[in-house]
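# Structure at a glance
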Amino acid sequence: MRKLFAANWKMHKTRNEAAQTAAELVTLTAAALPTGREVLILPPFTALGEVKEALGTDARFALGAQNFYAQKQGAFTGEISPGMLLDVGATYALTGHSERRHVLGEDDALVGQKTAFGLQAGLRVILCVGEKIEERKAGKLAEVLTRQITAGTKDVPRDVAPEALSVAYEPVWAIGTGEVAGPAEILEAHALVRAQLVALFGQAGNSMRILYGGSVKPDNATEIVGLDNVDGVLVGGASLKADDFSRIVLA
Ligand code: PEP
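Owing to the predicted nature of the structure, the values given are computational and were not obtained by experimental measurement. (Residues numbered from 1 in each chain as written. Predicted model: local features only at pLDDT ≥ 70, side-chain atom pairs only at ≥ 80, totals over all residues. Heavy atoms only, no water.)

### Let's talk about the sheet that holds strand β2 (residues 37-42)
The strands making up a sheet are joined through hydrogen bonds of the backbone, oriented either antiparallel or parallel. Strand order in the closed barrel formed by eight strands is β1-β2-β3-β4-β5-β6-β7-β8, and the pairing between neighbours is parallel. Across the sheet, the mean angle from the axis of one strand to that of its neighbour is 25 degrees, orientation sign disregarded. As paired strands, strand β7 (residues 210-213) and strand β8 (residues 232-235) are joined by two bridges and run parallel to one another. Within the sheet, the bridge partner assigned to Tyr212 lies in β8 and is Val233. In the packing of helix α2 (residues 48-55) onto the sheet, the strands contacted are β2 and β3 (61-65), and the crossing angle to β3 comes to about 170 degrees. (Pairing = 2+ DSSP bridges. Helix = DSSP H or I, 4+ residues; strand = E, 2+ residues; numbered from the N terminus. Axes fitted to C-alpha atoms, helices over the stretch in contact; angles between N-to-C directions. Contact = heavy atoms within 4.5 Å.)

### A few points about the pairing of β3
Across the five residues that make up β3, a large majority, five, are buried. Where burial is concerned, the two faces of β3 agree: the one with Phe61, Leu63 and Ala65 and the one with Ala62 and Gly64 are both buried. Note: β2 against β3, three bridges, orientation parallel. Looking at the pairing, Leu40 lines up with Ala62 of β3. Strand direction decides the pairing type here: β3 and strand β4 (residues 92-95), joined by two bridges, are parallel. (Buried < 20%, exposed > 50% of the residue type's maximum accessible area, 1.4 Å probe, protein only.)

### Thoughts on unusual backbone geometry
Although it is not a glycine, Lys13 sits at a positive phi angle of roughly 90 degrees. When you line up the elements, Lys13 lands in the loop between β1 (3-8) and α1 (15-29). Even without glycine at this site, Ser215 takes up a positive phi of about 55 degrees. Position of Ser215 among the secondary structure elements: in the loop between β7 and α9 (218-225).

### A word on the packing of helix α7 (residues 141-152) against helix α8 (residues 183-201)
Each pair of packed helices can be described by the angle between their axes along with the distance between the axes. Their axes nearest at 10 Å, the elements α7 and α8 cross at an angle of 40 degrees. Considering the angle they form, α7 stands oblique to α8. Handedness of the crossing formed by α7 with α8: right-handed. Seen from α7, the contacting residues are Leu141, Ala142, Leu145, Thr146, Ile149 and Thr150; seen from α8, they are Glu188, Ala189, Leu192, Val193, Gln196, Leu197 and Leu200. By residue class, the composition of the contact of α7 with α8 is nine nonpolar, three polar and one charged. (Parallel < 35°, antiparallel > 145°, perpendicular 65-115°, else oblique. Left-handed = near helix turned anticlockwise from the far one by under 90°. Nonpolar A, V, L, I, M, F, W, Y, C, P; charged D, E, K, R; others polar.)

### Points about α2
Inspection of α2 places Leu48, Val51 and Leu55 among the buried residues, and these make up the whole buried set. The buried residues of α2 occupy an angular sector of 65 degrees when the element is viewed end-on, so they sit on one face. In the segment just after α2, Gly56 is the residue with positive phi, at about 70 degrees. (Arc of directions from axis to C-beta.)

### Let's talk about the packing of aromatic side chains
Per the counting criterion, the structure on display carries two aromatic pairs. Ring geometry for Tyr69 versus Phe76: centroids 5.0 Å apart, planes at 45 degrees, classification tilted. On the accessibility criterion, Tyr69 (27% relative accessible area) is partly exposed. Residues Tyr169 and Tyr212 carry aromatic rings whose centres are separated by 6.3 Å and whose planes lie at 50 degrees to one another, so their mutual orientation is tilted. Placement of Tyr169 in strand β6 (residues 165-169) and of Tyr212 in strand β7 is noted, with a sequence separation of 43 residues between them. (Phe/Tyr/Trp six-rings, centres within 6.5 Å; stacked < 30°, edge-to-face > 60°.)

### Examining the site of the ligand
If you check the shell around the ligand, you find 14 residues, and the closest are Lys10, Glu170, Gly176, Ser215 and Gly236. Asn8 places a side-chain nitrogen or oxygen 3.1 Å from an oxygen atom of the ligand. A distance of 2.6 Å separates an oxygen atom of the ligand from a polar atom in the side chain of Glu170. With the chains in place, 98% of the 290 Å² that the ligand exposes on its own is no longer accessible. Here the shell around the ligand is built from residues that sort into four nonpolar, eight polar and two charged. (Near = heavy atom within 4 Å. Polar contact = N/O pair within 3.5 Å; in protein donor to acceptor, adjacent residues only side chain to side chain. Areas by Shrake-Rupley, 256 points an atom, 1.4 Å probe, with all protein chains shown as cover.)

### Focus on the nonpolar core
In terms of nonpolar packing, the biggest core is built from 62 residues, with Val51, Phe245 and Ile248 touching the most fellow members. If you tally residues by element for this core, the top one is α8, at six residues. With sequence-adjacent residues up to four places away left out, Ile248 is seen in contact with Phe5, Arg37, Val216, Lys217, Pro218, Ala221, Val233, Val235 and Ala238. Among the nonpolar cores identified, the runner-up in size contains twelve residues, and Leu40, Tyr92, Ile126 and Leu211 belong to it. (Core = buried A, V, L, I, M, F, W, Y, C linked by side-chain atoms within 4.5 Å.)

Pasting the structure below:
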């Protein structure tokens, strides 16, 4: 399975800024990208078209969305459908990002609906999970991950193509805080995620990618990406500058 290096630009960048960063990233990484690596950019909706153009036709560079709504179309003011994302050239989307769960109030059930709907519509979905610091301190890591993955995949067909569903383990306390989970913490959590995927999807669960996210930077990426059961990274802050993110992609 190819390792996935995903850039979550959150609510940053105008169309011009996004196009420029994406183009710079391709220039910095295309020739040197090791085999078996795939790069994904998740810009704000307004810049999807420009980033698609800047990424060109190289299949190692993919476009994705940070969010979508679990309906084909209709009276859902402010929302966007998987079909609209596919139309603009996006092939991936996130569900369950901690900011959607904890800032915008999405619960496990909604995350599950969106994950199943996005997959069924033809998107590759990255389901984000992770514990809050008080849950970790209370010894609830396994309980939280099991609950979020079970609910997040509740309506996903058990024979889903393994390359279509990935899980990003993102401890809430490590997102945007500069505080990165240590290797032992990542190994433990990713082993739990793997076991849960195998319990739910059988052998296919071994071929689903598990990404780590939470303050990944150029200077810690090599170690993180080399850990067992780490099949890529989801990067926020350090993905905003092409130079920083290229060093992560090539780490
Ligand atoms: C994220 O947005 O998913 C993330 C991990 O952010 P950061 O890299 O800034 O912690």
